[in-house]
Amino acid sequence: MPRPPRVYQRGVKKLTRVKFQDRTLHFTFPQNTGGGRRSAAGFVGPDQVPAFEGDEAWFEMELVEGLPWNYWRAVRQVEGPANA
């Protein structure tokens, strides 16, 4: 029986849809660039995000173990933080 993938990190992030000719290419979210990170934005594939209306929404996110690299997935849509 295969084991579920390991979740390394959880958080609430605001996803922004990136489109080209009415097709969603991917989603981005701002991330802390401390240390050796190369990008100020995280990327999420459209297959890892539940359908939602509009171009921006808040989601509970998980950084999941994967091969050849780890990936972010949206677990569920949530209300944004009060200070956002």
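Since the structure is predicted, the reported quantities are computational estimates derived from the model, not experimental observations.

Caption draft 1: Local environment of the side chain of T28. One can find T28 in strand β2 (residues 23-30). Those residues within four positions of T28 in sequence are excluded, and the remaining contacts are K14, L15, T16, V18, G42 and F43.

Caption draft 2: Representation of the nonpolar core within the structure. Judged by nonpolar contacts, L15, F27, F29, V44, V49, F52, A57, F59, M61, L63, W72 and A74 together constitute the single largest core of twelve residues. Broken down by secondary-structure element, the contributors of at least two residues to this core are β2, β4 (56-64) and β5 (71-77). Here the element with the most residues in this core is β4; it accounts for four residues.

Caption draft 3: Region of interest: the packing of aromatic side chains. Applying the stated criterion across every chain, the model contains three aromatic pairs. Measuring from centroid to centroid gives 5.7 Å for F27 and F52, while their planes differ by 45 degrees, and the two rings are tilted. In this pair, F27 is assigned in strand β2 and F52 in the loop between β3 (41-44) and β4, connecting sequence segments 25 residues apart. Following the ring pairs from residue to residue traces out a cluster consisting of F27, F52 and F59. Here R17 stacks its cationic end above the ring of F52, 4.5 Å away from the centre of that ring.

Caption draft 4: Region of interest: unusual backbone geometry. Along the chain, L67 connects to P68 via a cis peptide bond; the corresponding omega equals 5 degrees. On the secondary structure map, P68 appears in the loop between β4 and β5. Positive phi, normally seen in glycine, also occurs at Q21, with a value near 50 degrees. Note that Q21 resides in the loop between β1 (7-20) and β2. Residue classification places Q21 among the exposed positions, given a relative accessible area of 67%. Its identity as a non-glycine residue notwithstanding, D22 has a phi of 65 degrees, on the positive side. Tracing the chain through its elements places D22 in the loop between β1 and β2. Residue D22 is classed as exposed on the basis of its relative accessible area, which comes to 76%.

Caption draft 5: Fine view of the pattern of salt bridges. For the coordinates displayed, the defined rule picks out seven salt bridges. Here the residues in one salt-bridge network are R10, E62 and R73, joined through shared partners.

The rules behind the values
- Positions within a chain are numbered from 1, following the residues in the order the chain's sequence is written.
- Reporting in this predicted model follows two pLDDT cut-offs: at least 70 for local features of residues, and 80 or more for side-chain atom pairs to be given and counted; totals over whole chains, interfaces and linings ignore these cut-offs and use all residues.
- Side-chain descriptors were evaluated using all non-hydrogen atoms of the structure, hydrogens and water having been removed beforehand.
- We count a stretch as a helix when DSSP gives it H or I for four or more residues in a row; a strand needs E for two or more, and each element gets its number in order from the N terminus.
- A contact between two residues is defined here by any heavy atoms of the two lying within 4.5 Å.
- For the purposes of this section, nonpolar cores are sets of buried Ala, Val, Leu, Ile, Met, Phe, Trp, Tyr and Cys residues that join through side-chain atoms within 4.5 Å.
- We call a residue buried when its accessible area falls under 20% of the maximum for its residue type, exposed when it is over 50%, and partly exposed in between, using a 1.4 Å probe and counting protein chains only.
- Each Phe, Tyr or Trp ring (for Trp, its six-membered ring) is paired with any other whose centre lies within 6.5 Å, and the angle between the two planes then decides the class: stacked below 30 degrees, edge-to-face above 60, tilted in between.
- The criterion for a charge sitting over a ring is simple: Lys NZ or Arg CZ within 6 Å of the ring centre, and within 35 degrees of the ring normal.
- For this document, the term salt bridge refers to a Lys or Arg side-chain nitrogen within 4 Å of an Asp or Glu carboxyl oxygen.

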